[in-house]
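Structure at a glance
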Amino acid sequence: MTKQLRQSNFRRVRLASFLLATTALSSVMPAMAQDAKPDDKTESKGTVEKITVTAQKRQQQLQDVPVAVQALTTKKLEELQVSDLNDYSKHLPNVTIQPTSPGFVGVYMRGVASGENRNHSGPSPSVGMYLDEIPITTIQGALDVHVYDISRVEALAGPQGTLYGANSQAGTIRIITNRPDTAETYGSVTFEVNAVEHGGIGTSAEGFVNVPLADNAAVRLVGWSQHDAGYIDNVYGERTYQEIWTPPFPGPGIVDNNLDRVQDDYNEVDTYGARLALRIDLNENWTATPMVMAQDQKTNGIFAFDPQNGDLQLTHWFPENSHDRWVLAALTVEGKISNLDVTLASGYLSRVVDVNSDYADYGFFYDTLLGYGNYFNSNGDTVNPAVINPAQYIQGRDGYSKISQEIRFASPAEQPLRFIAGLFYQRQEHDIFQRYLLDGFFDGWEIPGLNDTIWLTSQKRIDVDKALFGEVAYDISNQLSVTGGLRFFKSENSLEGFFGFSEQFGIDYGVPSLGVGSCFGPSSTDRAPCTNLNKLTEETGYTHRLNLAYKIDDSRMVYATWSTGYRPGGVNRRGTLDPYDSDFLTNYEVGWKATLANNTIRFNGAVFWEEWEDFQFSFLGGQGLTQIQNAGAATIKGIEADFEWALSDNFKLNGAATLLTTEFSGGPGFPAALSELPVTPEFKANVTARYEYKLFGLDAYSQGTLVLSSDAGIELRETEAAIIGRLPSYELIDLSSGFEAGTFKVDFYLSNILDERAIVGRSTECAITVCGGLPYDTPVQPRTMGLKVGKSF
């Protein structure tokens with residue numbers, strides 16, 4: 001389909017959507033004068049929504065939980081048109097994401113971020129991601145879970161290292177699914193079409209059905225299919241690669257073009273998935289809930305553009321795509337032994353990602369302009385070379401598997417002295433395969449058995465976490481309670497396999513120990529010629545939490561928390577470097593929960609001070625290899641708050657904001673650095689206004705959302721930060737309107753209505769002065785108009 005035809009389709013969708021919106025919006029003013037009938041609304045009409053959470057691994061009302069938790073319920077997720085992590089993170093100001101492509105998103109909370117390069121051999125994530133009771137965090141990012149038929153998303157800010165463990169150093173995000181219901185049969189289907197400014201047409205279809213099988217059993221089936229339109233254009237370009245030799249001699253160079261890769265809107269995504277859950281009430285005390293969830297996602301292109309090339313444009317030379325598929329199987333068993341609540345949660349995750357990446361910038365800037373690589377010839381002769389194009393590309397496969405087990409016991413919540421205690425085990429494997437290729441590369445320099453391969457990484461990484469945890473709470477009085485918790489852990493990290501060049505290439509170019517030349521054993525991983533890395537590191541330690549909560553009355557609470565969280569240490573992929581140690585985050589926090597004005601206002605917040613000690617920092621070291629070191633210490637100070645205000649039976653406001661400052665104090669051997677941590681903006685906020693009214697006798701609404709973010713750094717190191725710059729501040733506005741007619745529901749939405757080019761990520765293959773960084777900016781999706789039609793039954 002041509003660009004012109006796609007734009008014509010966009011205009012047709014825009015016209016249809018505009019007519020629907022104007023019809024709905026034209027009735028807002030007269031509707032504001034109508035008196036709504038008492039039965040027109042749900043139970044939350046005129047008051048704030050009551051929210052039940054399980055943040056502390058018990059069912060509690062949000063306002064009774066003395067920790068910083070923000071929850072987005074099913075109702076709120078639907079109102080905000082949320083379908084993935086990119087969507088809901090906009091409404092969680094203490095959450096910052098660094099998206100590269102679907103399925104590879106860095107998640108950070110409360111400014112705990114160092115700007116690391118998130119390499120496959122890098123540090124573990126600092127934010128834990130859970131689906132129900134099962135951890136779904138993988139080394140390079142959380143699963144891109146499609147948000148549909150979800151009960152709520154809970155964001156727990158600050159260290160959760162007592163109940164949630166290793167990857168919950170800075171916080172935890174929990175996606176809670178709707179469980180099978182034995183009460184009745186019901187379901188829903190939703191269809192959507194949308195048009196992206198400067199891009200193509202997207203579609204989606206979603207549906208679920210809940211079916212009781214017996215008085216004590218039910219099944220719930222959920223499915224989705226989604227096509228995300230592209231909006232980045234890969235445009236035509238030419239590049240000349242100079243001939244660099246020792247001694248140098250002039251030559252015409254290699255002139256390359258990307259004619260065969262030119263494509264408009266080439267960053268399209270197709271996602272298919274399903275979730276099947278079964279509930280069996282074994283008896284009046286015990287319930288088993290097995291669940292299987294699977295997703296298949298194919299992505300074309302990348303989601304960044306080159307500002308020097310033009311708005312939403314770049315020039316790339318090789319295939320860029322990924323195929324991400326995963327299956328998660330889980331079993332949750334809940335019951336009672338005597339008066340103790342018992343929960344057993346088991347999970348198994350299998351994920352495979354195939355990736356093709358353009359790496360031509362590296363060959364251009366490092367190998368030709370700087371003369372690092374005079375190897376781009378096909379005969380190995382430096383006197384009479386047969387010159388080839390030195391542009392590189394990457395073929396990779398990441399295979400992940402994760403087994404997790406947790407058993408815990410909880411005493412009755414109504415007792416003045418109560419506890420939660422349990423055991424946790426997790427084993428993650430990551431099979432890493434990445435080959436860097438040059439077409440026509442000299443056979444004598446190839447990795448043995450892999451044509452045209454100049455560099456190979458073939459490794460197996462294993463991370464094991466074991467823990468014993470518990471919390472004890474005691475009500476000193478009807479108003480004052482104290483909670484203390486400990487988590488004792490043991491972590492193991494191993495890395496085995498091969499990385500580097502062939503033996504002859506290493507000898508010819510002065511790096512004989514970087515590759516086959518340093519091997520000490522036969523191959524232990526996929527397609528590797530031999531093994532030159534096999535290291536293991538282990539650690540033990542503990543984290544703690546101490547909390548004091550005071551209920552002023554039934555509607556107001558204040559609390560104070562002293563807590564710690566950690567990330568396990570690990571092995572550096574360059575075997576000559578020492579392993580890196582665990583890093584710890586200590587949190588001092590004072591917060592409040594308040595429901596005011598006859599349950600029409602909810603206002604929660606916290607003030608915090610966090611000390612991040614010896615934090616792990618990954619960066620490109622010698623020969624372009626990622627290395628990790630414990631960088632030093634940082635201090636993070638901030639305030640966060642969220643509110644909901646029911647101004648009337650028909651009009652609600654809700655929003656949230658975070659304001660923080662960071663200070664980096666450096667560490668031994670660390671290069672000159674900035675005084676503030678990168679990635680997280682100093683200020684981030686959102687506010688949503690929603691008005692509900694009658695439209696020709698139908699329930700209708702109009703809604704607007706404003707999202708604000710200040711600018712943010714990208715790099716911690718001073719030299720690199722000066723080259724790559726900062727992420728600019730931005731403002732986003734979303735609008736939506738719709739109505740319900742019996743079992744039908746129609747929604748129109750317009751996101752990013754100002755078509756703001758909000759930059760949420762920036763990357764480069766060349767962080768050196770000669771290329772000025774050549775940054776690629778990752779924007780939020782351009783202005784998008786969409787129409788959704790749903791039916792429940």
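Preceding this paragraph is the structure being described.
Everything in this summary refers to the structure shown in the same document.

Conventions and cut-offs
Residues numbered from 1 in each chain as written. Predicted model: local features only at pLDDT ≥ 70, side-chain atom pairs only at ≥ 80, totals over all residues. Heavy atoms only, no water. Helix = DSSP H or I, 4+ residues; strand = E, 2+ residues; numbered from the N terminus. Buried < 20%, exposed > 50% of the residue type's maximum accessible area, 1.4 Å probe, protein only. Contact = heavy atoms within 4.5 Å. Salt bridge = Lys/Arg side-chain N within 4 Å of Asp/Glu carboxyl O. Pairing = 2+ DSSP bridges. Core = buried A, V, L, I, M, F, W, Y, C linked by side-chain atoms within 4.5 Å. Disulfide = S-S within 2.5 Å. Phe/Tyr/Trp six-rings, centres within 6.5 Å; stacked < 30°, edge-to-face > 60°. Lys NZ or Arg CZ within 6 Å of the ring centre and 35° of its normal. Patch = residues over 30% accessible without salt bridge, like charges linked within 9 Å, V, L, I, M, F, W, Y side chains within 5 Å. Areas by Shrake-Rupley, 256 points an atom, 1.4 Å probe, with all protein chains shown as cover. Lys, Arg positive; Asp, Glu negative; His and termini not counted. Charge placed at Lys NZ, Arg CZ, Asp CG, Glu CD.

Notes on the overall build of the protein
- On a plain count of helices and strands, the protein comes out with seven helices and 43 strands.
- Counting the 793 residues in the protein, one finds 58% classified as buried.
- Excluding contacts between residues fewer than 6 apart, the proportion of contacts in the protein whose partners are at least 24 apart in sequence is 70%.

Some points on unusual backbone geometry
- The backbone of Asp265 sits at a positive phi, close to 50°, despite the residue not being glycine.
- Within the fold, Asp265 resides in the loop between strand 17 (254-257) and strand 18 (269-281).
- Assessed through its relative accessible area of 2%, Asp265 is described here as buried.
- For Asn599, which is not glycine, the phi dihedral falls at a positive 65°.
- Tracing the backbone through its elements, the reader meets Asn599 in the loop between strand 29 (583-596) and strand 30 (601-613).
- Using a relative accessible area of 26% as the deciding quantity, one classes Asn599 as partly exposed.

So, the pattern of salt bridges
- The tally for this structure, following the rule as stated, stands at 42 salt bridges.
- Note that Lys460 and Glu429 form a salt bridge whose closest N and O atoms lie 3.3 Å from each other. Of this pair, Lys460 sits in strand 25 (residues 453-475) while Glu429 sits in strand 24 (residues 417-437), and the two are 31 residues apart along the sequence.
- Using a relative accessible area of 25% as the deciding quantity, one classes Lys460 as partly exposed.

Topic: the pairing of strand 6 (residues 127-131)
- Where burial is concerned, most of strand 6 is hidden: five out of the five residues are buried.
- Here strand 6 shows two buried faces, one formed by Val127, Met129 and Leu131 and the other by Gly128 and Tyr130.
- Sheet topology places strand 6 next to strand 11 (residues 171-177); five bridges connect them, and they run parallel. Bridging from a neighbouring strand, Met129 pairs with Ile173 of strand 11.
- In the sheet, strand 6 pairs with strand 7 (residues 134-135) via two bridges, with the strands oriented antiparallel. Of the residues in strand 7, the one forming a bridge with Tyr130 is Pro135.

Notes on the nonpolar core
- With 59 residues, the main nonpolar core has Tyr88, Ile173 and Phe615 as its most contacted residues.
- Tallying contributions element by element places strand 10 (residues 150-157) first for this core, with four residues.
- Apart from the residues lying within four places of it in its own chain, the contact partners of Phe615 are Ser114, Asp583, Gln629, Asn630, Ala631, Gly632, Ala633, Ala634, Phe664, Leu677 and Leu716.

Quick word on the state of the cysteines
- All told, the structure shown has one disulfide when counted by the stated rule.
- The side chain of Cys519 participates in a disulfide bridge whose partner is Cys530; the two sulfur atoms lie 1.9 Å from each other. With the S-S dihedral at roughly 60°, the linkage between Cys519 and Cys530 falls on the right-handed side. Residue Cys519 is found in the loop between helix 6 (503-508) and strand 27 (533-553), and its partner Cys530 is found in the loop between helix 6 and strand 27; the two are separated by eleven residues along the sequence.
- Since its relative accessible area comes to 24%, Cys519 is described here as partly exposed.
- The class for Cys530 is buried, based on a relative accessible area of 9%.

Let's talk about the sheet that holds strand 3 (residues 69-73)
- Ordered in space as 3-10-11-6-7, the five strands form an open sheet in which the pairing is mixed. Two strands bound the open sheet, and with one partner strand each, they are strand 3 and strand 7.

What about the pairing of strand 34 (residues 651-664)?
- One ladder, built from 13 bridges, connects strand 33 (residues 634-646) with strand 34; its direction is antiparallel. Within strand 34, the residue paired with Glu644 across the bridge is Asn654.
- In sequence, strand 33 turns back onto strand 34 through a hairpin of four residues.
- Pairing geometry for strand 34 and strand 35 (residues 683-695), over nine bridges, is antiparallel. When the sheet's bridge partners are listed, Ala657 is paired in strand 35 with Ala685.

Description of the packing of aromatic side chains
- If you walk through the whole model with that rule in mind, you get 23 aromatic pairs.
- Taking the centre distance of 5.8 Å and the plane angle of 85° together, the rings of Trp445 and Phe505 count as edge-to-face. Remark: Phe505 occurs in helix 6 and Trp445 occurs in the loop between strand 24 and strand 25; sequence separation between them is 60 residues. Phe505 shares its class with Trp445; the two are buried.
- Grouping aromatic residues by their ring pairs yields a cluster made of Phe441, Phe442, Trp445, Trp455, Phe499, Phe501 and Phe505.
- Just above the ring of Phe608 sits the side chain of Arg110; from NZ or CZ to the centre is 4.0 Å.
- For Arg690, the ring lying beneath its charged end belongs to Tyr701, and the centroid distance is 4.0 Å.

Things to note about a nonpolar patch on the surface
- On the surface, Leu417, Phe419, Val472, Tyr474, Ile476 and Leu548 cluster together into a nonpolar patch covering about 530 Å² of accessible area.
- Those elements that place two or more of their residues in the nonpolar patch are strand 24 and strand 25.
- For Leu548, the position within the fold is in strand 27.

A closer look at a negative patch on the surface
- A cluster of acidic residues, Asp578, Asp581, Glu613 and Asp614, forms a negative patch on the protein surface.
- Here Asp614 lies in the loop between strand 30 and strand 31 (616-620).

Observations concerning the side chain of Ser83
- If you trace the backbone, Ser83 turns up in the loop between helix 3 (74-79) and helix 4 (85-89).
- For Ser83, a relative accessible area of 18% gives the class buried.
- What Ser83 contacts, discounting residues up to four positions off in sequence, is Val145, His146, Val147 and Gln226.

Description of the environment of Met293
- Structurally, the position occupied by Met293 is in strand 19 (residues 287-300).
- Given the relative accessible area of 1%, Met293 is considered buried.
- In this structure, the C-alpha to C-alpha distance between Met293 and Ala329, residues 36 residues apart in sequence, is 6.5 Å.
- Ignoring anything within four residues of it in the chain, the contact list for Met293 reads Leu131, Val145, Trp224, Ala274, Arg275, Trp326, Val327 and Leu328.

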